[in-house]
Amino acid sequence: MDETGPKAFPTNLGIDEARARIVEIAEKCALPTERVQLEQARARILGVDVTAPADVPGFINSAMDGFALRGADLPQQGEKIFRMDGEILAGGKEAAAIGANACVRITTGAALPRGADTVVMKENTRVDDAGVHVAAGTMTGANVRGAGEDYRQGELALRRGQQLTPAAVGVLAAFGMTQVDVVARPRAVLLTTGDELAAPGEKLGFGGIYDSNRFSLGGLLEQQGVTLLRHERLKDVPAALLDALRRAGEDADIVLSSGGVSAGEADFMPKVIAEIGEILFWKVRMRPGMPFLCGRVGKALVCALPGNPVSGFATFLTLVRPALDAMCGSDRPFLPLRARLRKELHKRHARSEFQRALLECDASGTLWATPHDKQGSGMMRGMAKADALILLPEDAHEFALGTVVDVLPLPGWPR
Ligand code: AMP
Ligand code: MG
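Presented here is an overview of the structure given in this document. (Residues numbered from 1 in each chain as written. Chains lettered and ligands numbered in written order. Predicted model: local features only at pLDDT ≥ 70, side-chain atom pairs only at ≥ 80, totals over all residues. Heavy atoms only, no water.)

## Brief notes about the sheet that holds strand β5 (residues 66–69)
What the six strands build is an open sheet, ordered β8-β5-β7-β6-β10-β9; its pairing is mixed. Looking at the sheet topology across the chains shown, the edges are occupied by β8 (118–121) and β9 (125–128). If you compare each strand with its neighbour and ignore which way they point, the axes differ by 40 degrees on average. (Pairing = 2+ DSSP bridges. Helix = DSSP H or I, 4+ residues; strand = E, 2+ residues; numbered from the N terminus. Axes fitted to C-alpha atoms, helices over the stretch in contact; angles between N-to-C directions.)

Quick look at the structure:
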């Protein structure tokens, strides 16, 4: 492929620059919103700002099981007997207003009777025929939740772009909402390419291997909340790649391919993408993952990943995932964790390097990363046993024991 000429594109980018570019491109492919039932809202990206439609809680209520009374009547010392004027349970009928030196039995969450401003915990009282004995020690206003104490009506409660955690969906429910506008799931087509690939279950021919990327990349996409429209396994045949890419460009928001993007004899991906679409950048100074290509075909963003399984993870976590987040308007930043190296590392080349590692937090709260001994980019074992990828910056070469490094946790960590 010619990287100069009229259709020149940036090449050999640093990893941060590559990410900045792909995020900028993906932001222009912003996805629409759709309305879903609250039951389907968890883990989706909120598509609108949500303001509190009313005060939560909507009324002054008790934070304890006990007795509601007027704080002014409380004893300064010793104890005092209050007359019990009925009870109110959470969800129960409104109690009569409280008079002087009277109290109402109340449970947590029940509306405070008019006149009452304080709840004495059950544990600080004793009931007998004379009435309710209240010991000194409770302050006026204690154990009461004010109306709007949690959310004030009209307050900005949840922001567009945040992921709907179980707690956030709970807030929507507390507002009485039954539906919410979320960002549509990105629709992806996954293409795994290579003459050597066979589906698990098929008989392997000479030199054949099973297509594991279909499942590891498919799993990463799924983890990211993407709808996988289809997967196609393709031979290293330009016409087949061209046909599959063209169709994917019509249906998908993002096309993820693996293999055929380097400089080998059967690496046709860049040429085909350039022919029916556009290469936006190609090659990133990272290892593994250097041949990563970002392009466009039809209306889809194309992320062409090298075939090595480890390259797939490294490029997905550092480039594809931030791009998907950007498409969704997600507010999640690309923010690696920091951990200390359990053993020293050397790096010879001037590229960012990814090492498979286990993570462990010691008793003092320090996070440690232990790199695996075998780091071959074709090795599945290192990935399968890893909690994270260590990301070594391109400009440093010696990393002593205890050096603080960036780590990207893999889906599944913490276990
Ligand atoms: P490529 O990027 O096409 O040069 O492939 C690099 C290496 O990854 C080769 O050893 C391929 O056999 C291997 N590979 C390519 N695609 C897959 C796949 N889908 N699953 C597992 N390994 C693959
Ligand atoms: Mg290949």
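On we go from here.
## Regarding the packing of aromatic side chains
What the rule picks out here adds up to three aromatic pairs. Seen in terms of ring centroids, phenylalanine 9 and tryptophan 282 are 6.3 Å apart; in terms of plane orientation they differ by 50 degrees. Their pairing is tilted. Residue phenylalanine 9 is located in the segment before β1 (11–13), and its partner tryptophan 282 is located in strand β19 (residues 278–284); the two are separated by 273 residues in the primary sequence. Accessibility expressed as a relative area gives 4% for tryptophan 282, which makes it buried. Taken together, a centroid distance of 6.1 Å and an interplanar angle of 35 degrees make the contact between phenylalanine 281 and phenylalanine 292 tilted. Separated by 11 residues along the polypeptide, phenylalanine 281 in strand β19 and phenylalanine 292 in the loop between β20 (286–287) and β21 (293–297) bring together distant segments of the chain. (Phe/Tyr/Trp six-rings, centres within 6.5 Å; stacked < 30°, edge-to-face > 60°. Buried < 20%, exposed > 50% of the residue type's maximum accessible area, 1.4 Å probe, protein only.)

## A few points about the site of ligand 1
Inspection of the region around ligand 1 gives 15 residues, with Glu196, Asp211, Ser212, Gly260 and Gly307 positioned closest. Between ligand 1 and glutamate 196 there is a distance of 2.6 Å, counted from an oxygen atom to a side-chain nitrogen or oxygen. Coverage of ligand 1 by the protein chains reaches 76% of its 490 Å² of free accessible surface. Elements that contribute at least two residues to the shell around ligand 1 include exactly β14 (187–193) and β16 (209–210). (Near = heavy atom within 4 Å. Polar contact = N/O pair within 3.5 Å; in protein donor to acceptor, adjacent residues only side chain to side chain. Areas by Shrake-Rupley, 256 points an atom, 1.4 Å probe, with all protein chains shown as cover.)

## Some words on the pattern of salt bridges
What the rule picks out here adds up to 24 salt bridges. The closest approach of N and O atoms between arginine 247 and aspartate 243, which form a salt bridge, is 3.1 Å. Here arginine 247 pairs with aspartate 243, and both are found in helix α4 (residues 238–251), just four residues apart, close to one helical turn. By relative accessible area, which is 40% here, aspartate 243 ends up partly exposed. Measuring nitrogen to oxygen at the nearest pair gives 2.5 Å for the salt bridge that ties aspartate 373 to lysine 343. Of this pair, aspartate 373 sits in the loop between β26 (367–371) and α7 (380–384) while lysine 343 sits in the loop between β23 (337–341) and β24 (345–346), placing them 30 residues apart in sequence. Owing to a relative accessible area of 71%, aspartate 373 belongs among the exposed residues under this scheme. It is possible to trace a salt-bridge network through shared partners that takes in Arg230, Glu232, Asp243, Arg247 and Asp251. (Salt bridge = Lys/Arg side-chain N within 4 Å of Asp/Glu carboxyl O.)

## Here we look at unusual backbone geometry
The omega angle of the peptide bond from valine 56 to proline 57 is -10 degrees, so this bond is cis rather than trans. Along the chain, the position of proline 57 falls in the loop between β3 (50–51) and β4 (61–62). A cis amide bond links tryptophan 413 to the next residue, proline 414, at an omega of -5 degrees. Here proline 414 shows up in the segment after β29 (404–409). Within the chain, lysine 283 stands out as a residue other than glycine whose phi angle is a positive 80 degrees. Looking at the secondary structure, you find lysine 283 in strand β19.

## Some thoughts on the packing of helix α3 (residues 213–223) against helix α6 (residues 309–327)
The relative placement of two packed helices comes down to the angle between their axes together with the axis-to-axis distance. One can describe the packing of α3 onto α6 by two numbers: an axis separation of 11 Å at closest approach and a directional angle of 25 degrees. By the angle between their axes, α3 is roughly parallel relative to α6. Where α3 crosses over α6, the handedness of that crossing is right-handed. Between α3 and α6, the residues in contact are Asn213, Ser216, Leu217, Leu220 and Leu221 and Pro309, Gly312, Phe313, Phe316 and Leu324, respectively. (Parallel < 35°, antiparallel > 145°, perpendicular 65-115°, else oblique. Left-handed = near helix turned anticlockwise from the far one by under 90°. Contact = heavy atoms within 4.5 Å.)

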